[in-house]
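# Survey of secondary and tertiary structure
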Amino acid sequence: MDTELLKTFIEVQRTRHFGKAAENLYLTQSAVSFRIRQLEQQLGVNLFSRYRNNIQLTAAGERLLPHAEAMLTALQRAKQDVAVSADQAVQLAVAATANVWDAFLLQGFINIQQALPGLSWRAESMGKDQIARQVLERHLDLAILFDAPKVDEMQIDKLGDIKLLPVTTFSDSSAAEAMRRQYILVDWGTAFDIQHARCFPELAPPYLRTGSARIALELMQQSGGSAYLPETMVSSLLADNSLRLIKDAPIMTRELFAVSLPKAAQRNRISDIVTQLRSLLHSSAK
C-alpha cells in the first residue's frame, strides 16, 4: 500500500477538512480527494462520512486509524535505524504528552542527551493512548506519562511528583476571583481533573482549555489570566513577581511514571535513563 495514501488519510482525519489537509500536505484539494478515493477503493470500504462540511470517520475508518499510524511509525523507525551512523549504533525512541514535556521532560531529556552522546534519539509528543499502543508495539522504547497505563505487559516505574501551583497575573486575586477572570484549565490528566473538581465544584466554564502548559503561560503573559502550572516552569516568574501565587487555592501534585517493556532490547540502558530522570526530578523538586 502506498504510504502517501495513509499519510493523506491521517491528515484528513486530523483536520476533518479536505482543504486544510491539502494545505498542510502542499497538495491540491482534488489530489487529496483522489488519494482518499484510491485508498477506499483498495480497501473496499468508505473511510469518511461526508455531511456538508462535517467530515467524520466511518467505523471502517476508525479501525484503520491505529493500523495506519503504526505502519507509518514503523516505516519512519526503519528509515531512522538504517540511517544511524556507525558511531551511533544504538537508537532510542522516547515519547510523552505535551504537558509532560513542558513540566519536566524537555530539560531532563536535554541533560540525558548530553550525558549520552553516543545515542541516536527519536523524541515524540503525542496523546497518551497512542503512546501506550506504540510502547506495546515496540515503536517506542520509553514513555513518560502522568497517567500510567494499566497493562500487565508494561513495566511502570514511578519517577516522582510534579508540583502544580495555582498562579495568576492579577494582583491580590482570591481563588474564586481567579476562576472567574480568564481562568485557563490545563489538562494535567485524570487524577488532576478529579481533584480539581472536588476543590472547585461550582467552576464556571473556563476561559480556555488546553493540553499545553506553554500555551497557557504564553497567553497569560500576553493577556492576563490564571492557571495551574508546574513549579519548574513558573518559579523564576514568581520570584520576579511576573506571576503571583493564588494563596487560598490548593497546591496540587501529579505522579510521573516511566513506561517501557520489561524485555525491551535496550533494557539496561532504559533502566539507567529512568534512574537519571528520577534523580533529575528529585533534584528539581528541592
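For the structure given in this document, a descriptive report is provided here. (Residues numbered from 1 in each chain as written. Predicted model: local features only at pLDDT ≥ 70, side-chain atom pairs only at ≥ 80, totals over all residues. Heavy atoms only, no water.)

A separate point is helix H10 (residues 231–239). The set of residues buried in H10 consists of Met233, Val234 and Leu237. One side of H10 holds all its buried residues, which, seen down the axis, span an arc of 60°. Residues of H10 that are buried sit in contact with helix H5 (98–115), strand S6 (155–168), helix H9 (213–223) and strand S9 (226–230). Phi for Asn241, located one or two positions after H10, is positive at around 65°. (Buried < 20%, exposed > 50% of the residue type's maximum accessible area, 1.4 Å probe, protein only. Helix = DSSP H or I, 4+ residues; strand = E, 2+ residues; numbered from the N terminus. Arc of directions from axis to C-beta. Contact = heavy atoms within 4.5 Å.)

For the rest of this paragraph, the subject is the nonpolar core. One finds Leu142, Ile144, Trp188, Tyr228, Leu229, Leu256 and Leu277 to be the most contacted residues of the largest nonpolar core, which totals 64 residues. Sort the elements by how many residues they give to this core and H5 lands first, with seven residues. Membership of the second largest hydrophobic core comes to 19 residues, among which are Leu6, Ala21, Leu39 and Ile55. (Core = buried A, V, L, I, M, F, W, Y, C linked by side-chain atoms within 4.5 Å.)

This part takes up the environment of Ile55. Relative to the helices and strands, Ile55 resides in strand S2 (residues 54–57). Classification of Ile55 by relative accessible area gives buried; the value is 9%. Here the alpha-carbon distance between Ile55 and Pro250, two residues 195 residues apart in the chain, equals 42 Å. When neighbours within four sequence positions are excluded, Ile55 is seen to be in contact with Arg16, His17, Phe18, Phe48 and Ser49.

Attention shifts here to the packing of helix H1 (residues 3–15) against helix H2 (residues 18–25). Angle between the axes and distance between the axes are the two parameters that describe a pair of packed helices. Running from N to C, H1 and H2 point in directions that differ by 125°, and their axes come no closer than 8 Å. As judged from the angle between their axes, H1 and H2 are oblique. The handedness of the crossing between H1 and H2 is right-handed. Contact residues: H1 offers Thr8, Glu11, Val12, Arg14 and Thr15, while H2 offers Phe18, Lys20, Ala21, Asn24 and Leu25. The residue inventory of the contact of H1 with H2, partitioned by class, reads four nonpolar, three polar and three charged. (Axes fitted to C-alpha atoms, helices over the stretch in contact; angles between N-to-C directions. Parallel < 35°, antiparallel > 145°, perpendicular 65-115°, else oblique. Left-handed = near helix turned anticlockwise from the far one by under 90°. Nonpolar A, V, L, I, M, F, W, Y, C, P; charged D, E, K, R; others polar.)

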